[in-house]
Structure formats: structure tokens, C-alpha cells
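Residue-level structural notes
So the chains spell out like this:
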Amino acid sequence: MAQLDDDLAFILADQVRLTGQGVVRWAGKQFNATFDDADEVLRDASGQPVVQDGQVLRCQTSDLPSTAKMGDSLTVDGTSYKARQLLKQDEGRVTLVLIA
Amino acid sequence: MILEALRIVKNALSDGTIGVNAQLPGVPRDGTDPQPASVALIAESTSNFSAAIEGLLPDVDAQYPCLMLCPGLTPGDDEPVTKAGPLQDGSVEVLIRYGAKDPDAAAGNRDASYTLRAVRRSLNQLQMAAEATRLLNGIYFMYFEGWTPIPFWQLPSGLTITNALRVRMRMRDTLP
């Protein structure tokens, strides 16, 4: 069961202020995005802590391929990832993409 | 008593005959579901740092999937004293946490579910095992009082998948 923390988008939005740029290649498109790789400690269904590796892209929604969806393969600076979640922010102009 | 419960379960799960990896091939699987990968690390919180602080940590990445054992969060029941004698029986809760990393979220949940069933089968073997397997430091595991499956869990932001099984064990101190 994937559980999306209600505050996750805000947590991630705060995280990505700390990051640098990455070159993204996604479904034939190439664009720059803010990239962050930061761990966080969460509690799982048993109530015990888990160190969760959180990798996030912050990009202009208009830069994304029109077909962008969860599960897509992409690269950031040559490293392969899958898009795990797409979260629109700022009236939809910006999208946070959770990748792993 | 908690230390002994943790290590008795850990030793059983690690055993080549009754352990979880020995049980995995026999777990019934739906359709073409493949057999999950063998558990690479089984650790408990009185002898392993990661298990002690109860987190699934990046430094065990190379040893996923893993089983991390720690005491459960529910206190044991009060033990009624019905006759004069030593305090020797008690219930201990052990949490058996499964951790894995899988880029395929659904496959990760599937493997977690099958692996936890293998864990339960291994525990059933422990309950029927010879006394020597169930005795440590004079503390004897008598039987399981119950078990609770914990739902598998993951966040969309990462690869980590967890699942757990909580068991309640009846223990006796034979050297009170």
C-alpha cells in the first residue's frame, strides 16, 4: 500500500530550495530541472521508523513531455530513474516529480 | 526474556532447514508469480546496530531484502499471580520487519507478501521444533499466543518497501 503523506508536497517543496540543477531526459525531451536527493525519516505501517531516500525534481510543467506519467523512465544527469509521482504546484505551472 | 525471544526467532528464521529461505520455494504462488529473492540479512536488535535503532537504513542496502527483528510496541499483559512461586512466565511481543528495495512498486508488494508467509511458515516450524531450538539462556519459548499481519507500506518518493508481522510469544524462565 503506497501511502502519500498529506504534507509530503510541502516537505518536498521545502527540500528542493536547497538543490542544484540537473539535466533531465524524458520521453525524447531534454530540459533543466532542480534536483534534490535528501533522506527523511518516516514511520511505516508498523509504527517503526524508516529512512526514506527522497529524490525530487522541480521543473516547469510546460517542460514535461505531454505524455508524462507515473512509471515513466527518465534520466537525470545520465542516471536512470522512474517517475513515482507527479505533484503540480503553483497553479500548475510547476511540477514536483518524485523519482527513484 | 525479550533478548531470548528475539534470538530464538532470529535463529529459527536463519536456520537452513526451518528458516525463511528454506520455506520460500514451498509458498503457494498465484499464476506466474515468481519466487521472491531469498532474504539476504536477518538481524535482531540485541546484536545488530540497524535493528537496534529500529530503522531500515541505507547502509543495509546491499543486504536487501532483509528481516529486522525488534520488540513490539505493545506491553505484555499483566501476569496474574495465582499461587506462591517465582515470576517466570510472560508474554513477549516481537516485531518481524521486512525491508526491500524494488523499482517496481507492485512487484515489491507481491514479494513482501510471499516472504512474510514464508516467515509465518518458519515460525510454525519453530513452534514444533525440539526443545534445544526453543531454549536460550534458560528461557524457554512455549508457544505463540497470536500474530498480527501489518500491511505492506511504501512511499511514492522512494524504492523502500516494508512489511511486518507481529507475534506474541509465551515464554518461561526455567531458571528464575
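Scope of this entry: the structure provided in the associated data block. (Residues numbered from 1 in each chain as written. Chains lettered and ligands numbered in written order. Predicted model: local features only at pLDDT ≥ 70, side-chain atom pairs only at ≥ 80, totals over all residues. Heavy atoms only, no water.)

**Looking at the interface of chain B and chain A**
- Listed per partner, the contact involves 29 residues of chain B and 27 residues of chain A.
- Between chain B and chain A the total buried area reaches about 2300 Å² when both faces are included, carbon and sulfur atoms providing 55% of it.
- In this assembly, chain B and chain A are joined by one salt bridge.
- Run the count over chain B and chain A and you get four residue pairs in polar contact (both at pLDDT 80 or more). (Contact = heavy atoms within 4.5 Å. Buried area = accessible area lost by both parts, 1.4 Å probe. Salt bridge = Lys/Arg side-chain N within 4 Å of Asp/Glu carboxyl O. Polar contact = N/O pair within 3.5 Å; in protein donor to acceptor, adjacent residues only side chain to side chain.)

**Remarks on the nonpolar core**
- Counting 34 residues, the largest nonpolar core has B:Leu13, B:Leu67 and B:Ile96 as the members making the most contacts within it.
- The set of elements that each furnish at least two residues to this core consists of α1 (2-14), β2 (66-71), β3 (89-101), α4 (105-127), β5 (139-154) and β6 (160-173) of chain B.
- Examining the composition of this core, we find that seven residues originate from one element, α4(B), more than from any other.
- The residues touching B:Ile96, leaving out its near neighbours within four places in the chain, are B:Val9, B:Leu13, B:Leu67, B:Met68, B:Leu69, B:Leu116, B:Val119, B:Leu123, B:Asn163, B:Ala164, B:Leu165 and B:Val167.
- Residues A:Phe35, A:Leu74, A:Ala83 and A:Val97 belong to the second largest nonpolar core, which totals 14 residues. (Core = buried A, V, L, I, M, F, W, Y, C linked by side-chain atoms within 4.5 Å. Buried < 20%, exposed > 50% of the residue type's maximum accessible area, 1.4 Å probe, protein only. Helix = DSSP H or I, 4+ residues; strand = E, 2+ residues; numbered from the N terminus.)

**Things to note about the pairing of β3(B)**
All names here are of chain B.
- Burial within β3 is extensive, with eleven of its 13 residues counted as buried.
- Note: β2 against β3, six bridges, orientation antiparallel. Paired with Met-68 across the bridge in β3 is Arg-97.
- Here β3 pairs with β6 via 13 bridges, running antiparallel. Bridging across to β6, Tyr-98 finds its partner in Asn-163. (Pairing = 2+ DSSP bridges.)

**Describing empty space enclosed by the protein**
All names here are of chain B.
- Within the structure shown, the criterion is met by one cavity of 30 Å³ or more.
- Put simply, the largest cavity is a space of about 30 Å³.
- Looking at the lining of the largest cavity, the elements that each hand over two or more residues are α3 (49-52) and β2.
- For the lining of the largest cavity, the leading source of residues is β2, giving three residues.
- Taken together, the residues of the lining of the largest cavity break down into four nonpolar, two polar and two charged. (1 Å grid on protein atoms, 1.4 Å probe; cavity = no way out; pocket = protein on both sides within 12 Å on 5 of 7 lines; lining within 4 Å. Points joined across faces, edges and corners; volume = space filled by probe spheres on them. Nonpolar A, V, L, I, M, F, W, Y, C, P; charged D, E, K, R; others polar.)

**A look at the sheet that holds strand β4 (residues 135-136) of chain B**
All names here are of chain B.
- Strand order in the open sheet formed by six strands is β1-β2-β3-β6-β5-β4, with mixed pairing between adjacent strands. In the strand order of this sheet, the two ends are held by β1 (41-44) and β4, each with one partner.
- Sheet strands touched by α1: β1, β2, β3, β4, β5 and β6. Its angle to β2, the strand with the most contacts, is close to 160 degrees.
- Against the sheet, α4 contacts β2, β3, β5 and β6, and its axis sits at roughly 15 degrees relative to β6. (Axes fitted to C-alpha atoms, helices over the stretch in contact; angles between N-to-C directions.)

**Examining the packing of aromatic side chains**
- According to the stated counting rule, one finds two aromatic pairs over all chains in the structure shown.
- Both rings, one in A:Phe35 and one in A:Tyr81, keep their centres 6.0 Å apart while their planes meet at 55 degrees; by these two values the pair is tilted. Remark: A:Tyr81 occurs in strand β5 (residues 79-89) and A:Phe35 occurs in strand β2 (residues 29-43); sequence separation between them is 46 residues.
- Relative to B:Phe144, the ring of B:Phe141 lies with its centre 4.7 Å away and its plane at 55 degrees, an arrangement referred to as tilted. (Phe/Tyr/Trp six-rings, centres within 6.5 Å; stacked < 30°, edge-to-face > 60°.)

**Thoughts on α1(B)**
- A rise of 1.5 Å per residue sets the reference length of α1(B), with its 13 residues, at 18 Å; its end C-alpha atoms lie 18 Å apart and thus fit the reference within 8%.
- All buried positions along α1(B) are accounted for by B:Glu4, B:Ala5, B:Leu6, B:Ile8, B:Val9, B:Ala12 and B:Leu13. (Expected span 1.5 Å × (residues − 1).)

**Section: the pattern of salt bridges**
- Enumeration according to the criterion identifies ten salt bridges over all chains in this entry.
- Residue A:Asp44 pairs with B:Arg97 through a salt bridge whose shortest N-O separation is 3.0 Å. Of this pair, A:Asp44 sits in the loop between β2 and β3 (49-60) while B:Arg97 sits in strand β3, on two different chains. For the pair shown, A:Asp44 and B:Arg97 are each scored as buried.
- Here B:Asp89 makes a salt bridge to B:Arg172, at a shortest N to O gap of 2.7 Å.

**Notes on the environment of B:Met171**
All names here are of chain B.
- Tracing the backbone through its elements, the reader meets Met-171 in strand β6.
- Overall, the relative accessible area of 0% leaves Met-171 in the buried class.
- In this structure, the C-alpha to C-alpha distance between Met-171 and Arg-134, residues 37 residues apart in sequence, is 9.7 Å.
- Residue contacts for Met-171: discarding those within four places in its chain leaves Met-1, Glu-4, Ala-5, Ile-8, Gln-88, Asp-89, Gly-90, Val-92, Ile-139, Tyr-140, Phe-141 and Met-142.

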